[in-house]
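# Observations on the model geometry
Chain by chain, the residues run as shown.
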Amino acid sequence: MFTVLFPSFYVVQYMNKQCGGKVNDPYMVTPYNTLDDFTKNMVLIIEEQNTNSICKTYLGNPVLTVNILFFLNVSVLFWVIGLIQRTFWLIDPYWTLLPVLIGHFYRQHPLANPTPSLQANLAMVLVYIWASRLTYSYFRREEWKFGQREDWRYTKMSQDFGSLWYIVSFFAVGVAQQPLLVGVSLPLCAVHISTSNNNAWAMNDNVNYLVFALCVCAIHIAESSDTTLQNFMLVNEKRVNEGKKKISILRNGLWKYSRHPNYFGEISFWTLYSSFAFLNGSGWMVIGTVLNTLCLLTVTFMTEGKMLREWPKDRVKSYKKYQREVSMIVPWPWIGGDETEAEGKEE
């Protein structure tokens, strides 16, 4: 599991060796402050195919370099591994690691400040906290086993597409992850490789500490929600083993006010995290957060649709009542329902 990214590690070391001495060459380094500048820079690099192309890409557009490495080492290689193993479980645990690795790519880049700023350090600490929480939550759910199972959405798509899944999976599993993971990690480029002089707010310690504190609160919301859900599932498992009926609906903790408080915590974290990009004058880098939010909202509808299709009729009835009374994402004061259902109603 931990060796699949060695190709990227090797390539980065090679580029550092070949290109590290060219950081002061104006031909190699072209600053970009807006999405339009970034796009023009990328197109220019792609069109100019010559002996300097590798260094011009690495030094002139670190984000493009990350995308190339991600495509080859994750989108393509993970897809091939998934086809060989006949399961695409590997992408899930790497979801928790890739933003950290991308952060270190920007941190070690020749154009990065050799003495990282307070903001850069806080941003890296946050992504480590986020990754640790999500890794713990993932393996707790998988009963501390590697390759226990793949995401149910991939399993369903493989059944729906049949033999076409060999091709569709490349886009659904491999390529689809790239704009999300590279996108949410864009603020890490902004804090380490600043391309704007408009960074007075970025140097304000109080502002950075405030963003850090709010991000930690968002992580806590996600972790607390996942823990409540895990405990709910364990209680129901115990009840089934004892010959008792399951508690049909979870309405404890934040689940009393939101049907998906864990997603609310995740969306809140990346939204707040994108503030680091804004503070450095790179507001266009919020695009990754927007894509991630849209993805989580889509997953929410898919998850609820799956429950309503597969659950027993009595439980579906209870959940529809829960849908009418409780906000989907943003925690909102509980509207109605009786005290019994608030604590969990038996089937």
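What you see is a predicted model, and the numbers here were worked out from it, not measured in a lab.

### Structural notes on the overall build of the protein
Across its full length, the protein holds 17 helices and zero strands. Counting over 347 residues, the protein shows a buried share of 46%.

### Some points on the state of the cysteines
In a disulfide, the sulfur atoms of two cysteines are held together by a covalent bond. Scanning all chains against the criterion turns up one disulfide. The disulfide partner of cysteine 19 is cysteine 55, and the S-S distance across this bridge is 2.1 Å. With the S-S dihedral at roughly -80 degrees, the linkage between cysteine 19 and cysteine 55 falls on the left-handed side. In this pair, cysteine 19 sits in helix α1 (residues 6-19) while cysteine 55 sits in helix α3 (residues 53-60), placing the two residues 36 residues apart along the sequence. Of the two residues, cysteine 19 and cysteine 55, both sit in the buried class.

### Topic: unusual backbone geometry
Unusually for a residue other than glycine, glutamate 143 sits at a positive phi of about 60 degrees. Here glutamate 143 is to be found in the loop between α7 (118-141) and α8 (152-161). Residue class for glutamate 143 comes out partly exposed when judged on its relative accessible area of 49%. The residue tryptophan 144 is not glycine, and still its phi comes out positive at about 60 degrees. Topologically, tryptophan 144 is positioned in the loop between α7 and α8. Exposure remark for tryptophan 144: the relative accessible area of 53% places this residue in the exposed category.

### Regarding the environment of leucine 188
Along the chain, leucine 188 falls in helix α11 (residues 186-192). When the C-alpha atoms of leucine 188 and valine 127 are compared, they prove to be 9.2 Å apart, with 61 residues separating the residues in sequence. In contact with leucine 188, not counting residues within four places along its chain, are Pro99, Gly103, Tyr106, Ala123, Met124, Val127 and Tyr273.

### A look at the packing of helix α10 (residues 177-184) against helix α15 (residues 287-310)
Two elements in contact, α10 and α15, have axes whose closest approach is 7 Å; the angle formed by their N-to-C orientations is 130 degrees. Regarding the angle of α10 to α15, the classification is oblique. Like other packed secondary-structure pairs, α10 and α15 cross with a definite hand, here left-handed. Two secondary-structure elements touch here, α10 through Pro179, Leu180, Gly183 and Val184 and α15 through Gly288, Thr289, Leu291, Asn292 and Cys295.

### Points about the packing of α1 against α3
Between α1 and α3, the least distance of the axes is 10 Å, while the angle of their chain directions is 100 degrees. With respect to α3, the element α1 is oriented roughly perpendicular. On α3, the residues that touch Val12, Met15, Asn16, Gln18 and Cys19 of α1 are Ile54, Cys55, Tyr58 and Leu59. Split into classes, the residues belonging to the contact of α1 with α3 amount to seven nonpolar, two polar and no charged.

### Focus: the pattern of salt bridges
If you walk through the whole model with that rule in mind, you get 12 salt bridges. Among the ionic pairs, arginine 140 bridges to glutamate 223, the shortest N-O distance being 3.9 Å. Of this pair, arginine 140 sits in helix α7 while glutamate 223 sits in helix α12 (residues 205-241); the two residues are 83 residues apart in sequence, bridging distant segments of the chain. Note on accessibility: arginine 140 and glutamate 223 belong to one class, buried. Close ionic contact of aspartate 151 with arginine 153 constitutes a salt bridge, the shortest N to O distance being 2.3 Å. Accessibility assignment for this pair places aspartate 151 and arginine 153 in one class, buried.

### Here's the deal with the nonpolar core
Counting residues in hydrophobic clusters, the biggest one holds 70 residues, and the most contacted among them are Phe78, Tyr106, Val127, Trp130, Phe269, Tyr273 and Phe276. Ranked by residues supplied to this core, first place goes to α7 with 11 residues. Apart from the residues within four sequence positions on either side, phenylalanine 276 is in contact with Gln119, Ala123, Leu126, Pro187, Ala190, Val191, Asn208 and Val211. Residues Ile249, Met307, Tyr319 and Val326 belong to the second largest nonpolar core, which totals nine residues.

### A few points about helix α4 (residues 62-85)
The terminal C-alpha atoms of α4, which comprises 24 residues, lie 32 Å apart, in line with the 34 Å expected from a rise of 1.5 Å per residue. Where α4 bends most, at phenylalanine 71, the angle is about 35 degrees. Just downstream of α4 lies arginine 86, where phi reads positive at about 65 degrees.

### Remarks on the packing of aromatic side chains
What the rule picks out here adds up to 18 aromatic pairs. Between tyrosine 273 and phenylalanine 276, the ring centres sit 5.5 Å apart and the planes meet at 90 degrees, which makes this aromatic pair edge-to-face. By the burial criterion, tyrosine 273 is buried, and phenylalanine 276 matches it. An aromatic cluster is built from Trp130, Phe269, Trp270, Tyr273 and Phe276, whose rings are joined through pairwise contacts. For lysine 306, the ring lying beneath its charged end belongs to tryptophan 152, and the centroid distance is 5.2 Å. When the ring centre of tryptophan 311 is taken as origin, the NZ or CZ atom of arginine 315, which lies over that ring, is 3.8 Å away.

Parameters and conventions
- Residues numbered from 1 in each chain as written.
- Predicted model: local features only at pLDDT ≥ 70, side-chain atom pairs only at ≥ 80, totals over all residues.
- Heavy atoms only, no water.
- Helix = DSSP H or I, 4+ residues; strand = E, 2+ residues; numbered from the N terminus.
- Buried < 20%, exposed > 50% of the residue type's maximum accessible area, 1.4 Å probe, protein only.
- Disulfide = S-S within 2.5 Å.
- Contact = heavy atoms within 4.5 Å.
- Axes fitted to C-alpha atoms, helices over the stretch in contact; angles between N-to-C directions.
- Parallel < 35°, antiparallel > 145°, perpendicular 65-115°, else oblique.
- Left-handed = near helix turned anticlockwise from the far one by under 90°.
- Nonpolar A, V, L, I, M, F, W, Y, C, P; charged D, E, K, R; others polar.
- Salt bridge = Lys/Arg side-chain N within 4 Å of Asp/Glu carboxyl O.
- Core = buried A, V, L, I, M, F, W, Y, C linked by side-chain atoms within 4.5 Å.
- Expected span 1.5 Å × (residues − 1).
- Bend = angle between axes of the 7 residues up to and from the residue.
- Phe/Tyr/Trp six-rings, centres within 6.5 Å; stacked < 30°, edge-to-face > 60°.
- Lys NZ or Arg CZ within 6 Å of the ring centre and 35° of its normal.

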